[in-house]
Amino acid sequence: MYHDLLKFAIKTAKKAGKLALAYQKKGLQIEEKSKNDLVTNADKACEKLIIAEIMKAHPDHAVIGEESSFIHKTSIKNYANAKYIWIVDPIDGTTNYAHQLKEFGISIGLFKTTNKENSKNFEYLVGELIVGVVNAPAMDEIFYASKDHGAYLNGKKIHVTKTPKVDHALFATGFIQETAAQNLPYFTTMMPRCQAIRRLGAASLDLCYVAAGRFDGYWEFDMKPWDIAAGALIVEEAGGTVTDTNGNQIDLFGKDIFASNGKIHQETIKIFQKI
Ligand code: IPD
Ligand code: CA
Ligand code: CA
């Protein structure tokens, strides 16, 4: 149903991926947006490219991009008139990228606003995610999904794991330096209860790895919508469950997220709720 929009998002994420690799090869200009929050010339160039492609192909669509249009939570209402809103992280995992690591991704999600009664009800956006693409160009992997049409990695259908219990589950999480204290008790509580915990450094890939059956679950706090929009849809389309860390419906602006294979979801939430 959203085939053309998905095709466009894949093409655009591939173009941005090539650009990101070219910049990484030739050397980067790295700045700090705030302490330990990096941005490179490539983040800006990739976002510029993605927005230009969207505006060329879909001039009536809106874009929320990390680098160029950081939108305060309340001003999302300015987008109320746009039917389609692209949610873009030009490089997710910038710290990895700036250190020449391969774990980074170009993340492009598409949100369709709707007033249908049964639609998901985000705090400031009513509607649903319909397309998600995460391109990890340094690893030649592109993950994508469109609503009700499954999730794919390099053209092959992907599924979450069948791991039934937390004690056999491999989790991933992430930290933002300034707010790490919030997650540390979750980390120390979960560590002895599960098989192991990984910290990859790119939220969009953490989600895609849940979708692809590499991780059984992933949680994090203090997220931005562009970190999770594309990946959340990809997990759901791969048969997984995505909520906040209390088990409530995910809110793109709600900051915390817990994604899993579904089978370990309630058991994990129960552990979280005792922290
Ligand atoms: C960050 C990465 C990281 C996560 C942070 C994000 P950025 O995004 O996804 O893994 O722990 O919460 O902000 O700044 O590299 O786009
Ligand atoms: Ca990000
Ligand atoms: Ca980013």
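So, here's what we can say about the structure. As the structure is a prediction and not an experimental result, all values here were calculated from the model.

**What to know about the coordination of the calcium ion (ligand 3)**
Distances from the calcium ion (ligand 3) to its protein donors, Glu66 (OE), Asp89 (OD) and Ile91 (O), fall within 2.2 to 2.3 Å. Summarised as a motif, the one-chain spacing of the donors to the calcium ion (ligand 3) is E-x22-D-x1-I. For the pair the calcium ion (ligand 3) and the calcium ion (ligand 2), the metal-to-metal distance amounts to 3.8 Å, and Asp89 bridges them. On the criterion of sequence distance, the pair formed by Glu66 in the loop between strand 3 (62–65) and strand 4 (84–92) and Ile91 in strand 4 is long-range, its members being 25 residues apart. Judged on exposure class, the residue Glu66 and its partner Ile91 are both buried.

**A short note on helix 6 (residues 225–237)**
A turn of α-helix holds 3.6 residues, and therefore any two residues three or four places apart point the same way. The end-to-end C-alpha distance of helix 6 is 18 Å, a good match for the 18 Å that 13 residues give at a rise of 1.5 Å each. Remark: the principal bend of helix 6, roughly 25°, maps to Gly231. Burial analysis of helix 6 places 12 of its 13 residues in the buried class, the great majority of the element. Those residues of helix 6 lying buried are Pro225, Trp226, Asp227, Ile228, Ala229, Ala230, Gly231, Ala232, Leu233, Ile234, Val235 and Glu237.

**Details of the site of ligand 1**
Taken together, 14 residues are adjacent to ligand 1, and Asp92, Gly93, Thr94, Gly201 and Glu220 come closest. Here Asp89 contributes a side-chain N or O atom positioned 3.3 Å from an oxygen atom of ligand 1. At 3.3 Å, a backbone N or O of Ile91 approaches an oxygen atom of ligand 1. Look at ligand 1: alone it shows 380 Å² of surface, and the protein chains cover 87% of it. Here ligand 1 occupies the largest pocket. Residue contributions to the shell around ligand 1 peak at three residues, all from strand 4. Residue classes in the shell around ligand 1 are distributed as five nonpolar, three polar and six charged.

**Focus on the environment of Leu101**
Within the secondary structure, Leu101 sits in the loop between helix 3 (94–98) and strand 5 (105–113). When neighbours within four sequence positions are excluded, Leu101 is seen to be in contact with Gln24 and Asn96.

**Observations regarding the nonpolar core**
Grouped together as the largest cluster of nonpolar side chains are 44 residues, with contacts concentrated most on Phe143, Tyr218, Ile234, Leu252 and Ile257. Broken down by element, the residue count for this core peaks at eight residues, all from helix 6. Lining this core are residues from two domains, each supplying at least three of them: domain 1 (3–157) and domain 2 (166–273). With 30 residues, the next largest nonpolar core counts Ala13, Trp86, Ile106 and Ile130 among its residues.

Cut-offs and rules
Residue numbers restart at each chain and count upward from 1, following the sequence in its written direction. Note on labels: chains are lettered from A, ligands numbered from 1, in written order. Per-residue local features of the predicted model are confined to residues with pLDDT of at least 70, and side-chain atom pairs are confined, for both listing and counting, to 80 or more; whole-chain, interface and lining totals are unaffected and use all residues. For the side-chain quantities, the full set of heavy atoms in the structure was used; hydrogens and water were omitted. Each metal's donors are the N, O and S atoms found within 2.8 Å of it, except that Na, K and Ca use a 3.2 Å limit; water is left out, so coordination can look incomplete. Helix and strand definitions follow DSSP, with helices as H or I runs of at least four residues and strands as E runs of at least two, each counted in order from the N terminus. For each residue, the accessible area found with a 1.4 Å probe, counting protein chains only, is set against the maximum for its type, and the residue is called buried under 20%, exposed over 50%, and partly exposed in between. Given a helix with a known number of residues, its expected span is that number minus one, times 1.5 Å. Consider a residue and the seven residues that end there alongside the seven that start there; fitting an axis to each set, the bend is the angle between those axes. Nearness is judged by heavy atoms alone; a residue qualifies as near a molecule or strand once a single heavy atom is within 4 Å of it. Whenever a nitrogen or oxygen atom comes within 3.5 Å of another N or O atom, the pair is scored as a polar contact, on the condition that within protein one atom can donate a hydrogen and the other can accept it, and that pairs from neighbouring residues in sequence are kept only if both atoms are in side chains. Per-residue accessibility takes into account occlusion by the displayed protein chains alone, with areas from the Shrake-Rupley method and a 1.4 Å probe. Grid points spaced at 1 Å over the protein atoms alone were grouped into cavities, where a 1.4 Å probe fits but cannot get out, and pockets, open sets with protein on both sides within 12 Å along at least five of seven lines, with lining residues defined by an atom within 4 Å of a point. A cavity or pocket is said to hold a molecule if more than half of that molecule's atoms lie within 2 Å of its grid points. Three classes are used: nonpolar for Ala, Val, Leu, Ile, Met, Phe, Trp, Tyr, Cys and Pro, charged for Asp, Glu, Lys and Arg, and polar for all others, with Gly counted as polar. Working rule for contacts: check all heavy atoms of both residues, and any pair within 4.5 Å makes them a contact. Throughout, nonpolar core names a set of buried Ala, Val, Leu, Ile, Met, Phe, Trp, Tyr and Cys residues whose side chains join them through atoms within 4.5 Å. Where each domain starts and ends follows an automatic or database-derived domain assignment.

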